[in-house]
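In case you want the letters, here they are:
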Amino acid sequence: MENCIIVGGGISGLFSAIIAKEHCDNVTVIESSPHCGGLLRSWKNDDGVIFDLGTHIPFETQNDAINRILFKGMYDNPDLWTTMKTTKVSNYFMGKHYGISQFIPLQYLTEENYKNALVEILSAPGMEMDQALNFEEYSLATYGQTITYEIFKPLLKKIQNAELNELHPSVHSFFSLNRFIPGDAKLCQELKKSAVYDAKLAFATFNEGVSASSRFYPKARGIELWVKQLVQQAEDKGVVFKTSAQIKNLQQSGMQVCAVELNDEEILPCDHLIWSIPPIVAIKQLNIPYQGITPKFCPTSLHHLVFDQPFIDKNYYSNIHDWNCQSFRLTMYPNMDSGEASAPYSCTVEVLCSVLKDKEQLKSIIVEELKTIGYVNQNALVLSYDVIDVPFGFPQFTTGFVAEKNKQIDLLNEEISNITLIGKASKDQFFIAGVLQETYDVLNQLFN
Ligand SMILES: Cc1cc2nc3c(=O)[nH]c(=O)nc-3n(C[C@H](O)[C@H](O)[C@H](O)COP(=O)(O)OP(=O)(O)OC[C@H]3O[C@@H](n4cnc5c(N)ncnc54)[C@H](O)[C@@H]3O)c2cc1C
């Protein structure tokens, strides 16, 4: 193949570019921002402290060929990276901190709800996800009444601002809510011997059931180092990057996109188009008649703070499942240091779907939550506080959103024969590992 154009320079676009260059003479990545990386970019405050857009800790996949591309930077420059064997995560639920797992401990429910939840989850008949009309139906069949209405209902209202019967059956998996801790370590180990229970119950600690994969985080902090190393790898192979570039027109010949015209009038010939941004953008560019609903996103704000002292919680991050809190997830960067955690004691709190419009009020609530929950000392001083809004962060993962996206993907695949949809244009994947495995599989099919 002569000319391959990749639209979007996020992680999936970069990964595709490196693979595509093995098979195509000319590979060009078109990125609308001045820098590649998408949601894996990092941000520096006025004091030079680096923060990420949420928690991003890459980990090795089961596929060596994928690892060799993705983690070349880590394997070639181990001195720049901290390598971790487990992902240390805590969580906060029903007003209590659980320091050794990201999953909700059912024993933190009231005594009556705990008993009911346990009986129901163990006796639930189960259901194939693709048979369920919505999340409520799936959850009742998989987890039972108590978990559905006493946990999922208020929690998903907090982080998705939607009712259970509006949400897609897979929504919980985006938020580490697919498994629950049923009790003490022994009970978890016993119950998880059954494959059925294993799928919906968690071990009591993150030290059990750990895969052999390495996890990585830059020693100098800021996951954007990964992006920079991938861009370098792609450039070394001859991939061309067009940043700050806007697509003006997708030129079509029959069922093929034959050229991509940029805003600066440059025309790039195209034999194959790899599309990693929302499919609706291609539909509009190609003037394909389409009527659909506009997807809703959960307004996300990222709260980047620096404290004057180390965190009490020593985990990498924490899921704040308690629906009385505004915070959704806390990333504690110094805890990923290779030795003793060192200053700056920086963290990022993600807030989803908050109804609070007053930023100052939200800021003081966040600091109060971090202290009350016990992530930092009560007397800790905030040295800096910045808020960044991510308007198109997490989608509201409703059945309507998924149906709409799938309709758009099917339409594009029917109308255009030389397009491959990956990343943001994927039917099923959201998290990095899933997105990249899927990208690898479709490109393997395309090129071999
Ligand atoms: C708040 C948040 C937290 C997350 N946390 C995690 C996590 O903990 N673990 C995990 O595995 N995943 C997480 N994810 C998901 C993860 O970020 C995605 O899987 C990953 O970013 C997908 O990469 P991508 O390349 O498909 O998309 P993106 O990262 O969105 O990249 C798309 C790129 O395309 C560019 N672009 C957009 N429009 C155009 C255009 N018209 N022309 C050219 N270029 C364009 C963008 O600028 C961007 O660079 C999180 C997502 C969010 C929103």
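Since the model is a prediction, treat every value here as computed from it, not as a measurement.

**Topic: the sheet that holds strand S14 (residues 267-269)**
- An order of S12-S13-S14 is seen for the three strands of this open sheet, with the pairing classed as antiparallel. Each edge of the open sheet carries a strand with a single partner, namely strand S12 (247-253) and S14. In this sheet, neighbouring strand axes are inclined to one another by 25 degrees on average, regardless of whether the strands run parallel or antiparallel.

**Remarks on the pairing of strand S18 (residues 329-332)**
- Burial along S18 is two-sided: Arg329 and Thr331 and Leu330 and Met332, pointing in opposite directions, are all buried.
- With four bridges joining them, S18 and strand S19 (residues 345-352) adopt antiparallel strand pairing. Note that in S19 the partner of leucine 330 across the bridge is valine 349.

**Examining the site of the ligand**
- What surrounds the ligand is a group of 23 residues, the closest being Ser12, Glu31, Thr55, Lys424 and Phe430.
- Separating an oxygen atom of the ligand from a side-chain N or O atom of histidine 56 is a distance of 3.3 Å.
- Bound to the protein, the ligand loses 86% of the 1,000 Å² it would expose on its own.
- Its residues placed into classes, the shell around the ligand shows eight nonpolar, eleven polar and four charged.

**Description of the environment of phenylalanine 135**
- Tracing the backbone shows phenylalanine 135 in helix H5 (residues 135-142).
- Residue phenylalanine 135 is classed as buried on the basis of its relative accessible area of 0%.

**Examining helix H11 (residues 359-373)**
- The terminal C-alpha atoms of H11, which comprises 15 residues, lie 21 Å apart, in line with the 21 Å expected from a rise of 1.5 Å per residue.
- For H11, the N-terminal capping position is held by aspartate 358, with its side-chain oxygen 3.0 Å away from the main-chain nitrogen of glutamate 360.

**Some thoughts on the nonpolar core**
- If you look at the biggest cluster of nonpolar residues, it comprises 47 residues, and the most contacted ones within it are Ile6, Phe15, Val27, Trp226 and Phe241.
- Contributing elements (two or more residues each) for this core: strand S1 (3-7), helix H1 (11-20), strand S2 (26-30), helix H2 (64-70), strand S5 (81-84), strand S10 (215-218), helix H9 (224-237) and helix H13 (432-447).
- Take this core: its biggest share by element is seven residues, from H1.
- Of the residues that make up this core, three or more belong to each of domain 1 (3-43 + 63-71 + 220-294 + 397-447) and domain 2 (84-88 + 297-390).
- Core analysis: the next-biggest nonpolar cluster, separate from the first, contains 41 residues, Phe103, Ile104, Phe135 and Phe401 among them.

**Digging into the packing of H1 against H9**
- Where H1 meets H9, the axes come as close as 9 Å, and the angle between the chain directions of the two elements is 25 degrees. Looking at the two axes, H1 sits roughly parallel to H9. In this structure, H1 crosses over H9, and the sense of that crossing is left-handed. Of H9, the residues touching H1 (which contributes Ile11, Leu14 and Ile18) are Trp226, Val227, Leu230, Val231, Gln233, Ala234 and Lys237.
- Among the residues making up the contact of H1 with H9, the classes are represented as eight nonpolar, one polar and one charged.

**A word on the packing of aromatic side chains**
- Across all of its chains, the model carries 21 aromatic pairs by this definition.
- Through a chain of ring-to-ring contacts, three or more aromatic side chains come together here, namely Phe174, Phe297, Phe397, Phe401 and Phe431.
- It is lysine 96 that lies over the ring of tyrosine 108; its NZ or CZ is 4.7 Å from the centre.

**Re the packing of helix H4 (residues 111-123) against helix H6 (residues 145-160)**
- In contact at an axis separation of 7 Å, H4 and H6 are set at 130 degrees when each is read in the N-to-C sense. Taken together, H4 and H6 sit at an angle that is classed as oblique. Contacts between H4 and H6 pair Asn113, Asn116, Ala117, Glu120 and Ile121 from the former with Gln145, Thr146, Ile147 and Glu150 from the latter.
- Here the contact of H4 with H6 is composed, by residue class, of three nonpolar, four polar and two charged.

**So, the sheet that holds strand S6 (residues 89-93)**
- Taking strand neighbours across the sheet as the criterion, the seven strands line up as S7-S6-S17-S18-S19-S16-S20 in an open arrangement whose pairing is mixed. In this open sheet, the two strands that pair with only one neighbour each are strand S7 (96-98) and strand S20 (382-390). Sheet twist, expressed as the mean angle between neighbouring strand axes with direction ignored, is 15 degrees.
- Its contacts with the sheet place H11 against S6, S7, strand S16 (300-307), strand S17 (317-320), S18, S19 and S20, and it is angled at close to 120 degrees to S20.

**A word on unusual backbone geometry**
- The amide bond that connects alanine 343 to the next residue, proline 344, takes the cis arrangement and shows omega of 0 degrees.
- Looking at the secondary structure, you find proline 344 in the loop between S18 and S19.
- Of note, serine 176 is a non-glycine position whose phi angle comes to about 55 degrees, a positive value.
- Along the chain, serine 176 turns up in the loop between H6 and strand S9 (180-181).

**Considering the pattern of salt bridges**
- Tallied over the full model, the rule gives 14 salt bridges.
- Notably, a salt bridge pairs lysine 192 with aspartate 198, separated by 2.5 Å at the nearest N-O pair.
- Residue classification places aspartate 198 among the partly exposed positions, given a relative accessible area of 28%.
- The partner of glutamate 265 in a salt bridge is lysine 248, with the nearest N and O atoms 3.0 Å apart.

Calculation rules
- Residues numbered from 1 in each chain as written.
- Predicted model: local features only at pLDDT ≥ 70, side-chain atom pairs only at ≥ 80, totals over all residues.
- Heavy atoms only, no water.
- Pairing = 2+ DSSP bridges.
- Helix = DSSP H or I, 4+ residues; strand = E, 2+ residues; numbered from the N terminus.
- Axes fitted to C-alpha atoms, helices over the stretch in contact; angles between N-to-C directions.
- Buried < 20%, exposed > 50% of the residue type's maximum accessible area, 1.4 Å probe, protein only.
- Near = heavy atom within 4 Å.
- Polar contact = N/O pair within 3.5 Å; in protein donor to acceptor, adjacent residues only side chain to side chain.
- Areas by Shrake-Rupley, 256 points an atom, 1.4 Å probe, with all protein chains shown as cover.
- Nonpolar A, V, L, I, M, F, W, Y, C, P; charged D, E, K, R; others polar.
- Expected span 1.5 Å × (residues − 1).
- Core = buried A, V, L, I, M, F, W, Y, C linked by side-chain atoms within 4.5 Å.
- Domains from an automatic or database assignment.
- Parallel < 35°, antiparallel > 145°, perpendicular 65-115°, else oblique.
- Left-handed = near helix turned anticlockwise from the far one by under 90°.
- Contact = heavy atoms within 4.5 Å.
- Phe/Tyr/Trp six-rings, centres within 6.5 Å; stacked < 30°, edge-to-face > 60°.
- Lys NZ or Arg CZ within 6 Å of the ring centre and 35° of its normal.
- Salt bridge = Lys/Arg side-chain N within 4 Å of Asp/Glu carboxyl O.

Taken by themselves, the reported measurements are silent on function.
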